[in-house]
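# Per-entry structural report
Given next are the chains, with one letter for each unit.
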Amino acid sequence: QLQLVESGGGLVQPGGSLRLSCAASGFTFTRYAIGWFRQAPGKEREGVSSISSSGRNTYNADSVKGRFTISRDNAKNTVYLQMNSLKPEDTAIYYCAAVRTSLGGLIPNDYDYWGQGTQVTVSS
């Protein structure tokens, strides 16, 4: 059974950092692109960052470029999202998702499998 489990969320002050993890199980991890998405109250789910199945290609939304970095460890079946210089507008539930393709992207409807999400709150 394919499973994605996010962790690492929490409360952080503006300018702070968090690292989210997405642990995968139940499928051949190296055949799947992985994306991070977020959804704030009253807003649509949006793509944040994605990484290709090999890890060689990454994509970032303009709103997080220069602040967020996505990476993957295929030996550990885990994808990470390092978030620096956090802003209050980054507050949302963050989800990881998987799609069986090499490149992936930032469109939520392109992804087939989703985790339950982890809350990130940026506030002083």
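Shown above is the structure to which this text applies.
Please read all numbers here as calculations on a predicted model, not as lab measurements.

### Focus on the overall build of the chain
Helix and strand counts for the chain stand at zero helices and 11 strands. Starting at the N terminus and walking to the C terminus, you meet the elements of the chain as β-β-β-β-β-β-β-β-β-β-β. At 13 Å, the chain has a C-alpha radius of gyration in line with the 14 Å of a compact globule built from 124 residues. Expressed as lengths along the three principal axes of its C-alpha atoms, the size of the chain is roughly 40 × 25 × 25 Å. Partitioning the intrachain contacts of the chain with sequence separation of at least 6 by distance along the chain shows that 60% fall at a separation of at least 24. Accessible area for the chain stands at about 6400 Å²; split by element, carbon and sulfur atoms hold 43% of it. Counting 12 positive and 9 negative side-chain charges, the chain places the averaged centre of each group 7 Å from the other.

### Description of the state of the cysteines
According to the stated counting rule, one finds one disulfide in the structure shown. Through a disulfide, Cys22 is tied to Cys96; the S-S separation comes to 2.1 Å. Taking the sign of the torsion about the S-S bond as the criterion, the disulfide between Cys22 and Cys96, at about 70 degrees, is right-handed. Here Cys96 lies in strand E9 (residues 92-99) and Cys22 lies in strand E3 (residues 18-25), a separation of 74 residues in the sequence. According to the relative accessible area criterion, Cys22 is buried, its value standing at 1%.

### Quick look at unusual backbone geometry
Apart from glycine, the bulk of residues carry a negative phi angle, and the bulk of peptide bonds sit in the trans form. Located in the positive-phi region is Asn77, a residue other than glycine, with phi close to 55 degrees. Counting through the fold element by element, Asn77 comes out in the loop between strand E7 (68-73) and strand E8 (78-83). Take Asn77: its relative accessible area is 24%, and that puts it in the partly exposed class. The backbone phi angle of Ser85 is positive, close to 50 degrees, even though this residue is not glycine. Looking at the element boundaries, Ser85 is found in the loop between E8 and E9.

Scoring rules and cut-offs
- Residues numbered from 1 in each chain as written.
- Predicted model: local features only at pLDDT ≥ 70, side-chain atom pairs only at ≥ 80, totals over all residues.
- Heavy atoms only, no water.
- Helix = DSSP H or I, 4+ residues; strand = E, 2+ residues; numbered from the N terminus.
- Rg over C-alpha atoms; globule rule 2.2 N^0.38 Å.
- Contact = heavy atoms within 4.5 Å.
- Areas by Shrake-Rupley, 256 points an atom, 1.4 Å probe, with all protein chains shown as cover.
- Lys, Arg positive; Asp, Glu negative; His and termini not counted.
- Charge placed at Lys NZ, Arg CZ, Asp CG, Glu CD.
- Disulfide = S-S within 2.5 Å.
- Buried < 20%, exposed > 50% of the residue type's maximum accessible area, 1.4 Å probe, protein only.

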